[in-house]
Amino acid sequence: MVDRVYNFSPGPGTLPVEVLQQASKDVLNFKETGIGLIEMSHRSKEFMAVADTTESMLRELMEIPDNYKVLFLQGGASSQFFMIPMNLLGDGKKATYLNTGTWSKKAIKEARLFGDIEVAFSSEEQTFNRVPTQDEYSVDSASEYLYFVSNNTIYGTQFSSFPETDKVLISDMSSDILSRKIDVSKFGLIFAGAQKNMGPAGVTIVIIREDLLDKTPKNTPTMLTYKTHADKGSMFNTPPCFPIYVVGEVLKWLKKKGGIEAIEQINIEKAGLLYDCIDGTEYYRGHAEKASRSLMNISFNLPNADLEAKFIAEATEVGLNGLKGHRSIGGCRASIYNAFPREGVVKLVEFMKKFEADNPA
Ligand SMILES: *Cc1c(COP(=O)(O)O)cnc(C)c1O
């Protein structure tokens, strides 16, 4: 693996090498069938077993209760921005959103096509450098659900504890699903695009409490109705076979690592190494307020934009890739999802210290 670099890409993100090696074999010839995994019928017994394994591994690792369905959908996490209000908000009904970054803003825009949307909190004026505490917002009693983004991929903020509410709680966990232990039973719906922390682009996982499947208005298109997919085990039409398979392999890898509790400890340690480096100097400045810091995406600045450009270019030369911040805030961002190795974080910290010494502000 000499030609692989440390890949800090925010998404699609780095995947475990073992998974990529297994996938490259299975794409050519899956389980001695003489047929590649991406050439076989989704109704073949081989692929049905893959889909079953992926779902049961996810249920086991996340301890998903039996009254929840797991759906494998297409259209990206972004399609959930409209599918959620389309299915769960009846005409003239209200929902509450917490605006903590680009992805919540986009979800709010789509939700407004379907109902009355209350934005109970926004950190937009502080360039989304924090998420709210429980006492900073209230939810209208007429609201159908409370929607929030658990980890803000671009700004590097994360809810360290989840909103407490008697409403249906909905979360976009695209960039931190499987990174820490959560209690699924507190949620009505959780969704995540696979390409940040679970697999390749092409599948979006939706975990939905069964009673919510009956809320969908009658005139909703079949493919956009959650129940269609729930009733058919995500096989109403051809599912995204390859991404589902890779997610399954990533879940097996995660289980071997000790599951979510073990990876959570590793994630805390990895992020701690980077934040300690940032906090140890005035040279680097973290974007997020301390109480809102993400363990997955660490956004930071250098003294000026010229130094940031030089930093990113020189890091790339030594095999530290993908550190450029999102165009909406600039600076640098290190995305260190589950599969990102600890050694890569250590190498980045060493590089940051040397860069600071070599390039005084
Ligand atoms: C990347 C991302 C999305 C968008 O995902 P797509 O699959 O590209 O639509 C949505 N929400 C969050 C939190 C993300 O990080």
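Procedures and definitions
- Residues numbered from 1 in each chain as written.
- Predicted model: local features only at pLDDT ≥ 70, side-chain atom pairs only at ≥ 80, totals over all residues.
- Heavy atoms only, no water.
- Helix = DSSP H or I, 4+ residues; strand = E, 2+ residues; numbered from the N terminus.
- Rg over C-alpha atoms; globule rule 2.2 N^0.38 Å.
- Buried < 20%, exposed > 50% of the residue type's maximum accessible area, 1.4 Å probe, protein only.
- Contact = heavy atoms within 4.5 Å.
- Areas by Shrake-Rupley, 256 points an atom, 1.4 Å probe, with all protein chains shown as cover.
- Lys, Arg positive; Asp, Glu negative; His and termini not counted.
- Charge placed at Lys NZ, Arg CZ, Asp CG, Glu CD.
- Phe/Tyr/Trp six-rings, centres within 6.5 Å; stacked < 30°, edge-to-face > 60°.
- Near = heavy atom within 4 Å.
- Polar contact = N/O pair within 3.5 Å; in protein donor to acceptor, adjacent residues only side chain to side chain.
- 1 Å grid on protein atoms, 1.4 Å probe; cavity = no way out; pocket = protein on both sides within 12 Å on 5 of 7 lines; lining within 4 Å.
- Sits in = over half its atoms within 2 Å of the grid points.
- Nonpolar A, V, L, I, M, F, W, Y, C, P; charged D, E, K, R; others polar.
- Points joined across faces, edges and corners; volume = space filled by probe spheres on them.
- Domains from an automatic or database assignment.
- Buried area = accessible area lost by both parts, 1.4 Å probe.
- Salt bridge = Lys/Arg side-chain N within 4 Å of Asp/Glu carboxyl O.

A. Local environment of the overall build of the protein. Counting its secondary structure elements, the protein contains 9 helices and 14 strands. Taking 361 residues into account, the globule formula puts the C-alpha radius of gyration at 21 Å, and the protein, at 21 Å, falls close to it. The principal-axis extent of the C-alpha atoms belonging to the protein is close to 65 × 55 × 30 Å. The proportion of buried residues among the 361 residues of the protein is 55%. The long-range share in the protein, meaning contacts at least 24 apart out of those at least 6 apart in sequence, stands at 65%. Carbon and sulfur atoms make up 51% of the accessible area of the protein, which amounts to about 15,900 Å² in all. In the protein, which carries 40 positive and 46 negative side-chain charges, the distance between the mean positions of the two groups comes to 3 Å.

B. Structural context of the packing of aromatic side chains. As enumerated under the stated definition, the model contains 21 aromatic pairs in all. With centroids separated by 5.7 Å and ring planes inclined at 50 degrees, the aromatic side chains of Phe 148 and Phe 162 adopt a geometry described as tilted. One end of the pair, Phe 148, is in strand β5 (residues 143–149); the other, Phe 162, is in the loop between β7 (157–158) and β8 (168–172), with 14 residues separating them in the sequence. Members of the aromatic cluster, connected to one another through ring pairs, are Phe 81, Tyr 97, Trp 103, Tyr 145, Tyr 147 and Phe 191.

C. Just the site of the ligand, in detail. Near the ligand lie 13 residues; those nearest to it are Ser 78, Thr 153, Asp 172, Gln 195 and Lys 196. Ala 77 places a polar main-chain atom, nitrogen or oxygen, 3.0 Å from an oxygen atom of the ligand. Here Lys 196 contributes a side-chain N or O atom positioned 2.6 Å from an oxygen atom of the ligand. Within the complex, 87% of the 390 Å² of free accessible area of the ligand lies under protein. Judged by the fraction of its atoms near the pocket grid, the ligand is located in the second largest pocket. No other element matches helix α3 (residues 76–88), which puts 4 residues into the shell around the ligand. Classifying every residue of the shell around the ligand gives 4 nonpolar, 7 polar and 2 charged.

D. Representation of the side chain of Thr 225 within the structure. As for its placement among the helices and strands, Thr 225 is situated in the loop between β10 (204–209) and α5 (226–231). The class for Thr 225 is buried, based on a relative accessible area of 13%. Of the polar contacts made by the side chain of Thr 225, one reaches the backbone oxygen of Pro 221; its length is 2.9 Å. Residue contacts for Thr 225: discarding those within four places in its chain leaves Met 83, Asn 87, Thr 216 and Thr 220.

E. Highlighting empty space enclosed by the protein. By the definition in use, this model includes 3 cavities of 30 Å³ or more. Taken as a whole, the largest cavity holds about 50 Å³ of empty space. Lining the largest cavity, in full, are Thr 14, Leu 15, Pro 16, Lys 196, Asn 197, Met 198, Val 250, Trp 253, Tyr 337, Asn 338 and Ala 339. Class assignment for the residues of the lining of the largest cavity results in 7 nonpolar, 3 polar and 1 charged. There are two domains that each give the lining of the largest cavity at least three residues, and those are domain 1 (18–256) and domain 2 (258–358). There is about 40 Å³ of room inside the second largest cavity.

F. Highlighting the environment of Ala 230. Relative to the elements of secondary structure, Ala 230 occurs in helix α5. Taking C-alpha positions, Ala 230 is 9.3 Å from Phe 72, a pair spaced 158 residues apart along the chain. Ignoring sequence-local partners within four residues, the contact set of Ala 230 consists of Lys 69, Leu 71 and Leu 213.

G. Local environment of the domain arrangement of the protein. Each domain of the protein was delimited in the assignment, giving domain 1 (18–256) and domain 2 (258–358). Placing the centre of domain 1 and that of domain 2 at their C-alpha centroids yields a distance of 27 Å. Taken together, the 29 residues of domain 1 in the interface contact 26 residues of domain 2. Carbon and sulfur atoms make up 52% of the area that domain 1 and domain 2 hide from each other, which totals about 2,200 Å². It is Ile 154, Tyr 155 and Gln 158 in domain 1 that bury the most area against domain 2; as a group they hold 22% of the surface buried on that side. Joining domain 1 to domain 2, the criterion identifies 1 salt bridge.

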